Each structure stands twice: as C-alpha cells, then as structure tokens.
Amino acid sequence: MSLNHVRPWRDIYRRKSRQITVGNVPVGGDAPIAVQTMTNTLTTDVAATLAQVQAAAEAGADIVRVSVPDEASSKALKQIVRESPVPIVADIHFHYRRGIEAAEAGAACLRINPGNIGDETRVKEVIQAARDHNCSIRIGVNAGSLEKHLLEKYGEPCPEAMVESGLEHIRILQDNDFHEFKISVKASDVFLSAAAYQGIAEATDAPIHLGITEAGGLVSGTIKSAIGLGNLLWMGIGDTIRVSLSADPVEEVKVGFEILKSLGLRHRGVNIISCPSCARQGFDVIKTVEALEHRLEHIKTPMSLSIIGCVVNGPGEALMTDVGFTGGGAGSGMVYLAGKASHKMSNDQMIDHIVEEVEKKAAELDAAAEAAEAAEAAE
C-alpha cells in the first residue's frame, strides 16, 4: 500500500508522454517503465541468442534487443522472434534492407536513425515495412555518432546538438505520417546524457528510452547508470530503460530493476534491506545476504526483507518490512513478521527458515491479489 499521500517527499510526477506499443508491451503514458537489455551473442547462433533472451526474461526484462548486422542475422531473427517470451527489438545501423527484413521477420520494434539508412526513398520503404508489420521504431541518437553537419555547427557533441539530431529524425518519421516511435539521446558522459534527455523531454511528447551508453563494467557502469538514470527518473523523465554494462545482460536487467525499485517506480521480487555489518553483528551479515539473494531469485512477488546484524537498527527496520531478522546473542536472533517480533531462530538454521518465511508470505500476497482481482471481476 502506498503511503505517499502522507509522505509527499516520495512523490514522482512522471512526464506526460503519448503511449506506443512494443509488441504487447505498452511504452509511455501511464504504463509501467519497461526494462530492456540486449543480447551479445552472434544473432546467427539462434540457440545461444534465445538462451540469453530467456535468461533476461526470467530476470524480469520486458523487452530484449538483438543486433541485425547482415542478411544471415535477419533470417535468424525470424526464429528468435517466434520463440522469444518477450518482444524483440531489431538493432539496425545503416543498412535499410536489414530494417525491412527485420520488420518482415516479426520484430516488435526497429532501433534506427532514419537519417543514416539512406535517401528519402529508402527511409520511406523502411517506414512502410514498419507500418505494414505493426512494428514501432526507436530513434537512437548517440553522442558518439552525431551527424557531421551538427558537429560542424556545434563544434563537439553537446546537449543542443543531440536534441537537434533527435528532432530531425522525428521530423522524418512525422513527415511520413508515422507516429509509433520512441527516442533516446544517449552519451557515456552522465552530465551530457542528463542535459540532452531534459532537452528532448521538453521538445517532444514521444516516449523516452533512457540509457547511459557504454557506461562501463558491472560496478562502475552500475554507479554511472544509477546516478544518471536515477536523477532523470526522479524528475519524471523516462518510459523505458536499458542499463548498458560490459557484463552479462541479466546483470543489466537486475540493475535496471533495482534502480526502479529504489524509486518506487517498479516492484518485483524481494527488496532486501541489510546493514553493512560491523563488530556488533550477531551473525555473518554479508555471507547471509549473498546466500539469500541467490536463494530468493525465484520470488517475483513484490515484498521486503530486512537482514540486520544487531538490535541498534534491526527492530526499527523490521517494522517496515514483511519479514525480518535481527541478530542477537548466544548464536540466535529474532524473526519479525509483518513488522512484529515473532520468534527466535538459531543462526545456523536462519537462512533456510527465512527462505521458508519469505515463500510463505509471497504465497499469501499472491493469494490476496488473486482474490482481489476475482472480486473486482465479479462486480
């Protein structure tokens, strides 16, 4: 239950954008902010690519992007789309035929820059293919590949150049009466990205795809993305996100969801609140949290779990969580259920017991949600 009406400092007012669809996923408007990632396998290796898509979907990805650099990849895309559990975005650069082939193969969206896939006739062919096959388009502006005339005009990649590039590409689609598009204005520099996104958010009502491109490895890229995307999301900007990491695509999905969960914008799985540990800890907090993160990956129900090493902050944190454990003395700690002290549990049995309590609570929450839906449908 949201208590934001008594905590106005938690409110986020999302920018009003029009809504499009990527396959069966609504993007923009009042739709939940969608989480994306991208495969890094050879697209022609259908089995490997589908394995990555499946793993990303299980981690919570709503949409997955696949690179389509050549005709062989276009042919493989058809099977990938057919067997994918989530909508597939085809990543297209320069080759207009790849865009047409991807739309024909069933891609839910094409990631292109209309200005770099050929002359006006070729652009119209790609747009027509997208229209014929109910395929949306993402305009993908990137600071590292801005048009020559904009670099000459501005001297370097800057927010104004990126916004102008985005609006030029939007104009091409609108001139062809195509409006099922979203837009991104990515840079590897957090400041440049944030300023460009603020500019494009003011200039169009198109749904916005957020990302800090080429953010880096798992740790550094997560931090840059959390700062850049977190600030923009806090301002209400963003309808779908992709965290770009030099890491397993599943990690991108996890980080994306954690950013959204920290702002209360999406809720999925167990939100673990845990202390960094110190000499007061009554059990090994770090190893316990690592084990619980792994053991609770299968839980999709939104819920909270506090794991605190001692009684300084433990009881207070447990007040706000569904399940909690606070370290005590003599090899045991206190289990909290729905914010209240329930029973003691020995440290050596604590992990298995917490997993059981979380699974039990998840089942209760799921049953309550199903009952509420059934009651609403019966009205």
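The structure we're discussing is the one just above.
Residues numbered from 1 in each chain as written. Predicted model: local features only at pLDDT ≥ 70, side-chain atom pairs only at ≥ 80, totals over all residues. Heavy atoms only, no water.

## As for the overall build of the chain
(1) Moving on: The helix and strand inventory of the chain stands at 12 helices and 15 strands.
(2) Moving on: Taking 21 Å as the expected radius of gyration for a compact globule of 379 residues, we find that the chain reaches 23 Å, a close match to that expectation.
(3) Moving on: Dimensions of the chain, computed from C-alpha atoms along their principal axes, come out at roughly 75 × 45 × 45 Å.
(4) Moving on: The buried share of the chain, reckoned over its 379 residues, is 49%.
(5) Moving on: Long-range contacts, defined as pairs at least 24 residues apart, comprise 63% of the intrachain contacts of the chain with a sequence gap of at least 6.
(6) Moving on: Accessible surface for the chain amounts to roughly 17,900 Å². Of this, 52% is attributable to carbon and sulfur atoms. (Helix = DSSP H or I, 4+ residues; strand = E, 2+ residues; numbered from the N terminus. Rg over C-alpha atoms; globule rule 2.2 N^0.38 Å. Buried < 20%, exposed > 50% of the residue type's maximum accessible area, 1.4 Å probe, protein only. Contact = heavy atoms within 4.5 Å. Areas by Shrake-Rupley, 256 points an atom, 1.4 Å probe, with all protein chains shown as cover.)

## A look at a negative patch on the surface
(1) Moving on: A surface patch of negative charge is lined by Asp-366, Glu-370, Glu-373, Glu-376 and Glu-379.
(2) Moving on: Note that Glu-370 resides in helix H12 (residues 347-378). (Patch = residues over 30% accessible without salt bridge, like charges linked within 9 Å, V, L, I, M, F, W, Y side chains within 5 Å. Salt bridge = Lys/Arg side-chain N within 4 Å of Asp/Glu carboxyl O. Lys, Arg positive; Asp, Glu negative; His and termini not counted. Charge placed at Lys NZ, Arg CZ, Asp CG, Glu CD.)

## Observations regarding the pattern of salt bridges
(1) Moving on: Counting across every chain of the model gives 16 salt bridges.
(2) Moving on: Asp-91 is paired through a salt bridge with Arg-111; the nearest N and O atoms lie 3.8 Å apart. Taken as a pair, Asp-91 in strand E5 (residues 88-91) and Arg-111 in strand E6 (residues 109-112) lie far apart in primary sequence, 20 residues in all. For the pair Asp-91 and Arg-111, one class covers both residues: buried.
(3) Moving on: Between Glu-120 and Lys-124 there is a salt bridge, with the nearest N and O atoms lying 3.5 Å from each other. Of the two residues, Glu-120 and Lys-124 are both situated in helix H4 (residues 120-132); the distance of four residues between them amounts to about one turn of the helix.
(4) Moving on: Overall, Glu-120 belongs to the exposed group, its relative accessible area being 57%.
(5) Moving on: A single salt-bridge network, built from bridges that share partners, covers Arg-14, Arg-15 and Asp-239.

## Observations regarding the packing of helix H2 (residues 71-83) against helix H3 (residues 96-105)
(1) Moving on: Between H2 and H3, the least distance of the axes is 9 Å, while the angle of their chain directions is 20 degrees. When the axes of H2 and H3 are compared, the pair comes out roughly parallel. Two packed elements cross with a definite hand, and for H2 against H3 that hand is right-handed. Between H2, through Glu-71, Ser-74, Leu-77, Lys-78 and Val-81, and H3, the contact on the second element is made entirely by Arg-98, Glu-101, Ala-102 and Ala-105. (Axes fitted to C-alpha atoms, helices over the stretch in contact; angles between N-to-C directions. Parallel < 35°, antiparallel > 145°, perpendicular 65-115°, else oblique. Left-handed = near helix turned anticlockwise from the far one by under 90°.)

## Some thoughts on helix H6 (residues 159-175)
(1) Moving on: The end-to-end C-alpha distance of H6 is 24 Å, a good match for the 24 Å that 17 residues give at a rise of 1.5 Å each.
(2) Moving on: Residues of H6 that are buried make contact with H4, strand E7 (136-142), helix H5 (148-154), strand E8 (181-186) and helix H7 (190-203).
(3) Moving on: Note on H6: the residue one or two positions beyond its end, Asp-177, has a positive phi of about 55 degrees. (Expected span 1.5 Å × (residues − 1).)

## Some points on the nonpolar core
(1) Moving on: With 75 residues, the main nonpolar core has Leu-77, Leu-110, Met-162, Leu-210 and Leu-233 as its most contacted residues.
(2) Moving on: Discounting residues that sit within four places of it in the chain, Leu-110 has contacts with Val-89, Ala-90, Gly-99, Ala-102, Ala-103, Val-126, Ala-130, Cys-135, Ser-136, Ile-137 and Arg-138.
(3) Moving on: Membership of the second largest hydrophobic core comes to 19 residues, among which are Val-270, Ile-307, Met-345 and Ala-362. (Core = buried A, V, L, I, M, F, W, Y, C linked by side-chain atoms within 4.5 Å.)

## A word on the state of the cysteines
(1) Moving on: In the structure shown here, the tally under the stated rule is zero disulfides.
(2) Moving on: The thiol of Cys-275 is unpaired, and the distance to the nearest cysteine sulfur, on Cys-310, comes to 6.8 Å. (Disulfide = S-S within 2.5 Å.)

## Considering the pairing of strand E13 (residues 323-327)
(1) Moving on: Where burial is concerned, most of E13 is hidden: five out of the five residues are buried.
(2) Moving on: Side chains Val-323, Phe-325 and Gly-327 project from E13 onto one buried face, and the interleaved Gly-324 and Thr-326 project onto a second face that is buried too.
(3) Moving on: As paired strands, E13 and strand E14 (residues 332-337) are joined by five bridges and run antiparallel to one another. What sits directly across from Phe-325, in E14, is Val-335.
(4) Moving on: Here E13 folds back onto E14 in antiparallel fashion, the turn holding four residues, of which Ala-330 has a positive phi close to 55 degrees. (Pairing = 2+ DSSP bridges.)

## Notes on unusual backbone geometry
(1) Moving on: Non-glycine residue Asn-134 carries a positive phi angle of around 50 degrees.
(2) Moving on: Positionally, Asn-134 belongs in the loop between H4 and E7.
(3) Moving on: The backbone of Asp-177 shows a phi angle near 55 degrees, a positive value even though the residue is not glycine.
(4) Moving on: Mapped onto the secondary structure, Asp-177 falls in the loop between H6 and E8.

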